[in-house]
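So the chains spell out like this:
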Amino acid sequence: MIRRCDSSEFETIYAIINDAAQAYKGVIPADCWKEPYMSEDELRHEMAEGVLFWAYEEDGELIGVMGIQQVQDVALIRHAYVHTFRRNQGIGAKLLSFLRGRTTRPLLIGTWADAVWAIRFYVKHGFRLVSPEEKNRLLKKYWSVPERQMDTSVVLVDPKWFEPDSRGPHSSME
Ligand SMILES: CC(C)(COP(=O)(O)OP(=O)(O)OC[C@H]1O[C@@H](n2cnc3c(N)ncnc32)[C@H](O)[C@@H]1OP(=O)(O)O)[C@@H](O)C(=O)NCCC(=O)NCCS
């Protein structure tokens, strides 16, 4: 079952994020890694900024979470995490497809350039990597990330981004 998380589930969301984020350890640049990967304050800040978390629940237990944030004229997928022990079983795909169906806005995703599994996952679902120049432009426009994180990130966009009536300039891809 996929459903909205409520505020009482903060600790569970926090635990899923920091369990799943172990995938980044030793993969993303060392100066970008910290433990816990996301602090409680950061998570609170993200929620206060409008990231709405949805969860995949099975037998009363949350297995994965995915956030969505409306920013200006687009929607961002934020903080997609599936518990390590349940990865590669289609849960991420279900969450992504569910959130896709909940917005008519173009969906954008930012992730670490080194998280090749995540990039492959989104490309498999029709998202496309934008050029480095476009990535920098989009990260500045829709996210607030430090310069170092911009250098080490990629941005993927869904096909809607390129539709004639979609917001935003049409731009190069790679
Ligand atoms: C990225 C992430 C959210 C995807 O969630 P997931 O539940 O593992 O995703 P899925 O199971 O739908 O798809 C992942 C892979 O499993 C495969 N898969 C899906 N169901 C499967 C099954 N029943 N048997 C075997 N493989 C399966 C998919 O084909 C996909 O393979 P591919 O990446 O080689 O194309 C998850 O891997 C994760 O939490 N990673 C760590 C954190 C992270 O990178 N987050 C992304 C931040 S933007």
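See the structure shown above.
Parameters at a glance
- Residues numbered from 1 in each chain as written.
- Predicted model: local features only at pLDDT ≥ 70, side-chain atom pairs only at ≥ 80, totals over all residues.
- Heavy atoms only, no water.
- Salt bridge = Lys/Arg side-chain N within 4 Å of Asp/Glu carboxyl O.
- Helix = DSSP H or I, 4+ residues; strand = E, 2+ residues; numbered from the N terminus.
- Buried < 20%, exposed > 50% of the residue type's maximum accessible area, 1.4 Å probe, protein only.
- Axes fitted to C-alpha atoms, helices over the stretch in contact; angles between N-to-C directions.
- Parallel < 35°, antiparallel > 145°, perpendicular 65-115°, else oblique.
- Left-handed = near helix turned anticlockwise from the far one by under 90°.
- Contact = heavy atoms within 4.5 Å.
- Nonpolar A, V, L, I, M, F, W, Y, C, P; charged D, E, K, R; others polar.
- Near = heavy atom within 4 Å.
- Polar contact = N/O pair within 3.5 Å; in protein donor to acceptor, adjacent residues only side chain to side chain.
- Areas by Shrake-Rupley, 256 points an atom, 1.4 Å probe, with all protein chains shown as cover.
- Pairing = 2+ DSSP bridges.

### What to know about the pattern of salt bridges
Here comes step 1: Counted according to the given criterion, the structure contains 10 salt bridges.
Here comes step 2: Of the charged contacts in the structure, one is a salt bridge between Glu40 and Arg44, with a shortest N-O distance of 3.5 Å. Of the two residues, Glu40 and Arg44 are both situated in helix H2 (residues 40-48); the distance of four residues between them amounts to about one turn of the helix.
Here comes step 3: The class of Glu40 is partly exposed, set by a relative accessible area of 27%.
Here comes step 4: Look at the salt bridges and you will find they share partners, linking Arg3, Glu9 and Glu57 into a network.

### Remarks on the packing of helix H1 (residues 10-20) against H2
Here comes step 1: Across the interface, H1 lies against H2 with an axial gap of 11 Å and an inter-helix angle of 115°. When the axis of H1 is compared with that of H2, the two are roughly perpendicular. The two elements H1 and H2 meet at a crossing, and its hand is right-handed. Residues Phe10, Glu11, Ile13, Tyr14 and Ile17 of H1 form the contact with H2, whose participating residues are Glu40, Leu43, Arg44 and Met47.
Here comes step 2: For the contact of H1 with H2, a count of residues per class yields six nonpolar, no polar and three charged.

### Remarks on the site of the ligand
Here comes step 1: Near the ligand lie 20 residues; those nearest to it are Ala80, Gly90, Gly92, Trp117 and Lys124.
Here comes step 2: Within the backbone of Gly90, one N or O atom sits 2.7 Å away from an oxygen atom of the ligand.
Here comes step 3: Backbone polar atom of Gly92 to an oxygen atom of the ligand: 2.7 Å apart, as the coordinates give it.
Here comes step 4: Here the ligand has 930 Å² of accessible area as a free molecule, and 75% of this is covered by the chains.
Here comes step 5: Looking at the shell around the ligand, the elements that each hand over two or more residues are strand S4 (74-82), helix H3 (91-100) and helix H4 (116-124).
Here comes step 6: In the shell around the ligand, the residues fall into 12 nonpolar, five polar and three charged.

### Let's talk about the sheet that holds strand S5 (residues 107-112)
Here comes step 1: Strands sit in the order S1-S2-S3-S4-S5-S7-S6 across an open sheet of seven strands; the sheet is mixed. In the strand order of this sheet, the two ends are held by strand S1 (2-4) and strand S6 (128-129), each with one partner.
Here comes step 2: Summarising the sheet, strand S2 (residues 52-58) and strand S3 (residues 61-71) pair through seven bridges and their orientation is antiparallel. Bridging across to S3, Leu52 finds its partner in Ile68.

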